[in-house]
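# Coordinate inspection notes
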Amino acid sequence: MRLKTRIALVLVATLAVLLSSFYLVFSKSTLKQIEKVEMDSSKKELTFSLRNMQKEIKSLSAFLADWSDWDETYNFVQGKIPRLDFIRKNMPPESVLKQKNNLWAFLDNNRNIIYAIEVDHKKKTVSPISIEFIDLFRKMDVPQHTSGLVVLKNKIYLMSTAPILDSSSKKPSVGTMVMGVEWDRSMIETVYPEEVTFHLNILDSSNQADIKYININTVDVQVSDISKDKIVSSVILKDIFGKPIVRLQADTLRLTNLYARKQLLYLLLYMVLGYILASAAIIFLANKIFILQHRIYQSGKLASLGTLGDGIAHELNNPITIINGFTQSLESTLQEKKVINKEIKEYIDSIKSNSARIKKIVDNIKAFSGSDVDNKKLEMEDINKIVNDAVILFEQQLQKYNIKLELDLYNNLPKTLIDPTKLRIALQNLIINAREELVEHKENKRKKIKVSTSLSTDKKLIAIQVEDNGRGVSQKHINRIFDPFYTTKEPGRGNGFGLPLVHGIMRDFKGNVELFSEQNKNTLFKLTLPVIKD
């Protein structure tokens, strides 16, 4: 398994473990804490609404306590003061409408109504009470000092009563004064944000004319339902006999929970993206390290081979020179004595051709080892001209094999110190390799070789690319492609010195050669040379 693949698998496994741990430990615990806070908040909101009910009842009691003239009221209930005079003085319509009370009533000790009105603050009207309230007051059998909730005709009223006494409170009570306010959601919803919705449900509407006072001082608020979107808190209000009468419910949207889930999702997304970027950077760096390591290893190996090749070339050069000299002398002597025949001529030609072949291999070894490079003799050369001269030699050959040749030269390419002959040799080796590959690839009907030049963005490197659309180089060959004597061709068709020679030439001029290949698609050799000024 390749290094990049192993690193990728390790990173993916680590990512899976981290995200799972994050969700199980952090996410669940955080959401649980948020849920507890939301439940407490929902209960507090409903508890606060009950306190508002208590405040409303207390304000009614305070209103009764602050009643202006109990002596006059005491005489009014007994019939000692004309009704109209009492009403004009103490309860004129304009004064009643300024109060928030909906019910005003004065009863005698027999629960007979002396005077009672209903106030509609929306319509701004004052009218006699309905028959339901008359029946309610007649059946009301509670102490004269009391307050609480009353259910009547599917409505809930906050009511407070007080005995009618004189100012000395020494005389016996002559009746009861009753104050009431119809209670609805508007009394409490105005103090809450939009995410809270209240519901009032009357659970027992039987015997509606019976008074049902409800004690709200000892109620217990509970969370009755919880879902992904909302929390429902409720409280059951019971009468003095313990019978459920009213259910008050607050539905609170879980905005904090939704926001937290959204933020956790964003956090997870950022973690994944960050981890992907970090993984990509690690894989990229690992790949660069792997390539650099391979290049260092390859350079060291080639340097060792270059040293060995230089020694071999030196040792072979003298014997080959002697062989060539003696062969020429032998041929001349035999021709002078006229004893040479066809068979001897073939032997001599064979010795000469093989000696020439050995001499060429020795020259390649010397070029590879760099023993014949003398930088002092180099001159500033036009790379585009060298490339163009090398390519021209192959135009006719490539047309013969139906191979299209493309030339793309970078304008205003700077000159650099280079041996033009050796650079042409390097390019010719690459073009020959590309040509032979395309000739063998007979299935390819659109054969093409592209030679191009370019300049790096910092203008410090010149690049020469030779690309063909052949079958590419398999992975098993790429790591050894620049090794001397290593060839992918059939025996007798290559000596394995073409690409090592290219590598040696580029190394001698402080350049580099890289191979990029994708099987069944293309092969690209990239030569890079530093821009060196004379």
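Everything quoted here is computed from the prediction, not taken from an experiment. The residue count restarts for each chain, going from 1 along the sequence in the order it is written. Per-residue local features of the predicted model are confined to residues with pLDDT of at least 70, and side-chain atom pairs are confined, for both listing and counting, to 80 or more; whole-chain, interface and lining totals are unaffected and use all residues. Each side-chain value is derived from all of the structure's non-hydrogen atoms; neither hydrogens nor water enter the calculation.

On to the sheet that holds strand E15 (residues 461-468), then. Strand order in this open sheet of 5 strands is E12-E14-E15-E17-E16, and the pairing throughout is mixed. Both outer strands of the open sheet, strand E12 (404-408) and strand E16 (512-518), are each paired with one neighbouring strand and no more. On average, adjacent strands in this sheet sit at an angle of 15° to one another, irrespective of strand direction. Relative to strand E17 (residues 522-530), E15 runs antiparallel, the two being bridged by 8 bridges. Of the residues in E17, the one forming a bridge with Ile462 is Leu529. Contact between two residues is taken to exist if any of their heavy atoms lie within 4.5 Å; hydrogens are not considered. In this description, a line fitted to the C-alpha atoms serves as the axis of each element, helices being fitted only across the stretch in contact, and the angle between N-to-C directions of two axes falls anywhere from 0 to 180 degrees. We count a stretch as a helix when DSSP gives it H or I for four or more residues in a row; a strand needs E for two or more, and each element gets its number in order from the N terminus. The sheet strands contacting helix H11 (residues 420-440) are strand E14 (448-455), E15 and E17, and the helix crosses E15 at an angle near 20°. We call two strands paired when DSSP finds no fewer than two bridges between them.

Our next topic: helix H2 (residues 70-77). Partly exposed describes any residue whose relative accessible area lies between the buried limit of under 20% and the exposed limit of over 50%, with all areas from a 1.4 Å probe on protein chains only and scaled to the type maximum. Burial analysis of H2 places 6 of its 8 residues in the buried class, which makes it a mostly covered element. Residues Trp70, Glu72, Thr73, Tyr74, Phe76 and Val77 constitute the buried set of H2. Polar contact is the term for a pair of N or O atoms within 3.5 Å; when the atoms are in protein, one must be able to donate a hydrogen and the other to accept it, and sequence-neighboring residues count only if both atoms are side-chain atoms. Measuring from the side-chain oxygen of the N-cap residue of H2 to the backbone nitrogen of Asp71 gives 3.2 Å; that N-cap residue is Asp69. Just beyond H2, the residue with positive phi is Gly79, at close to 85°.

Within the secondary structure, Leu515 is located in strand E16. Residue classification places Leu515 among the buried residues on the basis of a relative accessible area of 16%. Once the C-alpha coordinates of Leu515 and Val473 are considered, the two residues, 42 residues apart in sequence, prove to be 9.2 Å apart. Once residues within four sequence positions are removed from consideration, Leu515 is found in contact with Val473, Ile478, Ile481, Thr523, Leu524 and Phe525.

Confidence of the predictor at the level of single residues is captured by pLDDT, which takes values from 0 to 100. Mean pLDDT over the protein chain stands at 76; residues scoring 70 or higher make up 71%. A low-confidence stretch, residues 207-211 (pLDDT under 50), is modelled with 16 contacts involving residues beyond four sequence positions or located in other chains.

So, on to a nonpolar patch on the surface. Residues Leu269, Leu273 and Ile276 make up a contiguous nonpolar surface patch of roughly 260 Å² in combined accessible area. By the secondary structure assignment, Leu269 is in helix H7 (residues 255-336). A relative accessible area of 44% places Leu269 in the partly exposed class. Within this analysis, patches are made of residues with over 30% relative accessible area and no salt bridge. Like charges are joined at 9 Å or less; nonpolar side chains (Val, Leu, Ile, Met, Phe, Trp, Tyr) at 5 Å or less. For the accessible areas, the method is Shrake-Rupley and the probe is 1.4 Å, while residue cover comes only from the protein chains on display. Salt bridges are defined by distance alone: a side-chain nitrogen of Lys or Arg within 4 Å of a carboxyl oxygen of Asp or Glu.

This part covers the pattern of salt bridges. Opposite charge on two side chains permits pairing when their charged atoms draw close. Within the structure shown, the criterion is met by 10 salt bridges. In this structure, Lys89 engages Glu72 in a salt bridge whose closest nitrogen and oxygen atoms are separated by 3.0 Å. Of the two residues, Lys89 sits in helix H3 (residues 83-90) while Glu72 sits in helix H2, which places them 17 residues apart along the sequence. Classification of Lys89 by relative accessible area gives exposed; the value is 56%.

The next point concerns unusual backbone geometry. Residues other than glycine predominantly adopt negative phi, and peptide bonds predominantly adopt the trans conformation. Positive phi is not limited to glycine here, since Lys459 has a value of about 60°. With respect to the element layout, Lys459 can be found in the loop between E14 and E15. Judged by its relative accessible area of 58%, Lys459 falls in the exposed class.

Turning our eyes to something else, we now look at the sheet that holds strand E5 (residues 155-163). The strand order E3-E2-E1-E6-E5-E4 describes an open sheet built from 6 strands, whose pairing is antiparallel. This sheet does not close on itself; its edge strands, each paired only once, are strand E3 (125-128) and strand E4 (146-152). On average, each strand axis in the sheet is inclined to that of its neighbour by 25°, with strand direction left out of account. Pairing of strand E1 (residues 103-108) with strand E6 (residues 175-182) involves 6 bridges; the strand directions are antiparallel. By the bridge assignment for E6, Phe106 is matched with Met177. Most of the contacts of H2 go to E1, to which it runs at about 60°, and overall it touches E1, strand E2 (113-120), E5 and E6.

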